[in-house]
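Examining the three-dimensional arrangement
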Amino acid sequence: MPEPAEPSAARFIDLHAHTTASDGTLAPAELIDLAERVGLDALGITDHDTFAGYEEALPFAIQTRMDLVRGIELNSRLNLSEGSTHRSVHLLGYWPSNEPTADFYNWLNSEREDRRNRNQRLIEALQQRGVDISLEEVEARGRSLAGRTHFARILVEKGYARNHEDAFTRYLGESAPTYVERQSQTTEDAIRKIRWGGGIPVIAHPIRLRLTREREPEVLLRLKQAGLLGLEIYHSEHPPELQAHYRQLAEALGLVASGGSDFHGDPKPDVALGTGLHGNLRVPREFLDRMR
């Protein structure tokens, strides 16, 4: 399979980054400053279930003339068969040229309540395994957007895990004995919500769908029929051969290409804003131009 074309190093962007408004460790203003220092031409803030990081960053972006893109990352459930087989799928929603609708904001409030319910069930599962942790501790770190990264930090600090990765392996990841899944809407419904809210729905890090090459086109076509518009081509977990594969898949299905590092800061120390895992990505400016 051919290597993906190398975009111009002079104009590259990052459309997948997180702040302290969700599970990142840089405040919105700090993220804007970092984007300036690494030479990004545009930055997309895609915090989980909230626009708060984007809104806090916007005045700093205007001041520095950074092209800031409003985004969000949402959890969903992809049903693969008539039975119980499903995948957890993250969707990125982008509003590069307009504002989300009021109905979308109202729907987000219910999503945050679902997140808190999951957190309470995760606390109970951990406590049953002898872990000394409380919801108050977690929410002191992440407030209403507390997530598994905040759990991981506490588990590391209390000595239950060696590091962030170990915390997910032992307690928080999908294969861990105490994993608790959110009661998410289906991927099709989440796509429709983003479309109705005036946004562009994009499948995040498709490598995590764990689909065979034969199954991928079928599933993505089904999601396109529900309103899917894009696919994240460049991501820190996508080596060059997968980048080329996803680019070809997006072109074949008529999906807009997107990309970003999935920058979080301290929880993912090897992932750099703009350049990904050990420099494995450069997202071309043309991706954002096509979205607009």
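Here, the structure is the one placed above.
Let me begin by describing the structure that accompanies this report. Everything numeric here is computed off the predicted structure, so don't read it as measured data.

**Focus on the overall build of the protein chain**
Scanning the protein chain for helices and strands turns up ten helices and ten strands. At 18 Å, the protein chain has a C-alpha radius of gyration in line with the 19 Å of a compact globule built from 292 residues. In terms of overall dimensions, the protein chain has a C-alpha envelope of 50 × 50 × 40 Å along the principal axes. The long-range fraction of contacts in the protein chain, counting pairs at least 24 apart against all pairs at least 6 apart in sequence, stands at 73%. Surface exposure of the protein chain reaches about 12700 Å², of which carbon and sulfur atoms provide 48%. Counting 35 positive and 44 negative side-chain charges, the protein chain places the centres of these two groups 2 Å from one another.

**Here we look at the nonpolar core**
Across soluble globular proteins, nonpolar side chains show a tendency to be buried alongside one another. In this structure, Tyr94, Phe104, Ile203, Leu228, Leu231 and Ile233 are the most contacted members of the largest nonpolar core, which totals 46 residues. Within the second largest apolar cluster, 18 residues are counted, among which are Ile123, Ile133, Tyr171 and Leu172.

**Considering the packing of aromatic side chains**
Per the stated rule, a full pass over the model turns up six aromatic pairs. Summarising the aromatic geometry, the rings of Phe51 and Phe104 are spaced 6.1 Å apart at their centres and angled 40° between planes, so their arrangement reads as tilted. Of this pair, Phe51 sits in the loop between β2 (42-45) and α2 (52-64) while Phe104 sits in helix α3 (residues 102-128); the two residues are 53 residues apart in sequence, bridging distant segments of the chain. Assessed through its relative accessible area of 3%, Phe51 is described here as buried. When its relative accessible area of 3% is taken as the criterion, Phe104 is described as buried. Over the ring of Phe51 we find Arg70; its NZ or CZ atom is 5.0 Å from the centre of that ring. Over the aromatic face of Phe12 sits the side chain of Arg282, whose NZ or CZ is 5.2 Å from the ring centroid.

**Brief notes about unusual backbone geometry**
The phi angle at Arg65 is positive, at roughly 65°, despite the residue not being glycine. Residue placement: Arg65 occurs in the loop between α2 and β3 (67-79).

**Focus: the pairing of strand β5 (residues 200-203)**
Here is the key point about a regular strand: its side chains alternate between the two faces of the sheet. Side chains of β5 alternate between two faces, with Ile200 and Val202 and Pro201 and Ile203 buried alike. Sheet topology places strand β4 (residues 86-95) next to β5; four bridges connect them, and they run antiparallel. Residue pairing in the sheet places Leu91 in a bridge with Ile203 of β5. Inspection of the sheet shows β5 paired to strand β6 (residues 230-234) by two bridges, in the parallel sense. Along β6, the bridge assignment pairs Val202 with Gly230. Assessed by its sense of winding, the connection that carries the chain from β5 through helix α8 (residues 215-225) to β6 is right-handed.

**Comments concerning the pairing of β2**
Every second residue of β2 is oriented toward a common face, with Ala42 and Gly44 on one face and Leu43 and Ile45 on the other, all of them buried. For the crossover that starts at strand β1 (residues 12-17), traverses helix α1 (residues 28-38) and ends in the parallel β2, the hand is right-handed. One ladder, built from four bridges, connects β2 with β3; its direction is parallel. Bridging across to β3, Ile45 finds its partner in Arg70.

**A few points about the sheet that holds β3**
In space, the eight strands of this open sheet follow the order β7-β6-β5-β4-β3-β2-β1-β10, with mixed pairing throughout. The open sheet has two edge strands, β7 (256-259) and β10 (283-284), and neither has a second partner.

**So, the environment of Asn119**
Residue placement: Asn119 occurs in helix α3. Separated by 77 residues in sequence, Asn119 and Trp196 have C-alpha atoms that sit 28 Å apart. The contact partners of Asn119, leaving out residues within four places of it in the chain, are Leu135, Ala146, Gly147 and Phe151.

**Considering the layout of surface pockets**
Estimates place the volume of the largest pocket at around 1100 Å³. Taken together, 44 residues form the lining of the largest pocket, with His90, Arg148, Phe168, Arg208 and Lys268 sitting closest to its centre. Per-element tally for the lining of the largest pocket: the top contributor is helix α6 (residues 164-172), with four residues.

**So, the pattern of salt bridges**
A full pass over the atoms with the stated rule returns 21 salt bridges. Put simply, Glu286 and Arg290 hold a salt bridge, and the shortest N to O gap is 3.2 Å. Taken together, the residues span about one helical turn, with Glu286 and Arg290 both in helix α10 (residues 286-291) at a distance of four residues. For Glu286, a relative accessible area of 36% corresponds to the partly exposed category. We classify Arg290 as exposed; its relative accessible area is 56%. Taken together, the shared-partner salt bridges connect Arg11, Asp41, Asp67, Arg285, Asp289 and Arg292 into one network.

Calculation criteria
Residues numbered from 1 in each chain as written. Predicted model: local features only at pLDDT ≥ 70, side-chain atom pairs only at ≥ 80, totals over all residues. Heavy atoms only, no water. Helix = DSSP H or I, 4+ residues; strand = E, 2+ residues; numbered from the N terminus. Rg over C-alpha atoms; globule rule 2.2 N^0.38 Å. Contact = heavy atoms within 4.5 Å. Areas by Shrake-Rupley, 256 points an atom, 1.4 Å probe, with all protein chains shown as cover. Lys, Arg positive; Asp, Glu negative; His and termini not counted. Charge placed at Lys NZ, Arg CZ, Asp CG, Glu CD. Core = buried A, V, L, I, M, F, W, Y, C linked by side-chain atoms within 4.5 Å. Buried < 20%, exposed > 50% of the residue type's maximum accessible area, 1.4 Å probe, protein only. Phe/Tyr/Trp six-rings, centres within 6.5 Å; stacked < 30°, edge-to-face > 60°. Lys NZ or Arg CZ within 6 Å of the ring centre and 35° of its normal. Pairing = 2+ DSSP bridges. Right-handed = clockwise from strand over helix to strand, strands pointing away. 1 Å grid on protein atoms, 1.4 Å probe; cavity = no way out; pocket = protein on both sides within 12 Å on 5 of 7 lines; lining within 4 Å. Points joined across faces, edges and corners; volume = space filled by probe spheres on them. Salt bridge = Lys/Arg side-chain N within 4 Å of Asp/Glu carboxyl O.

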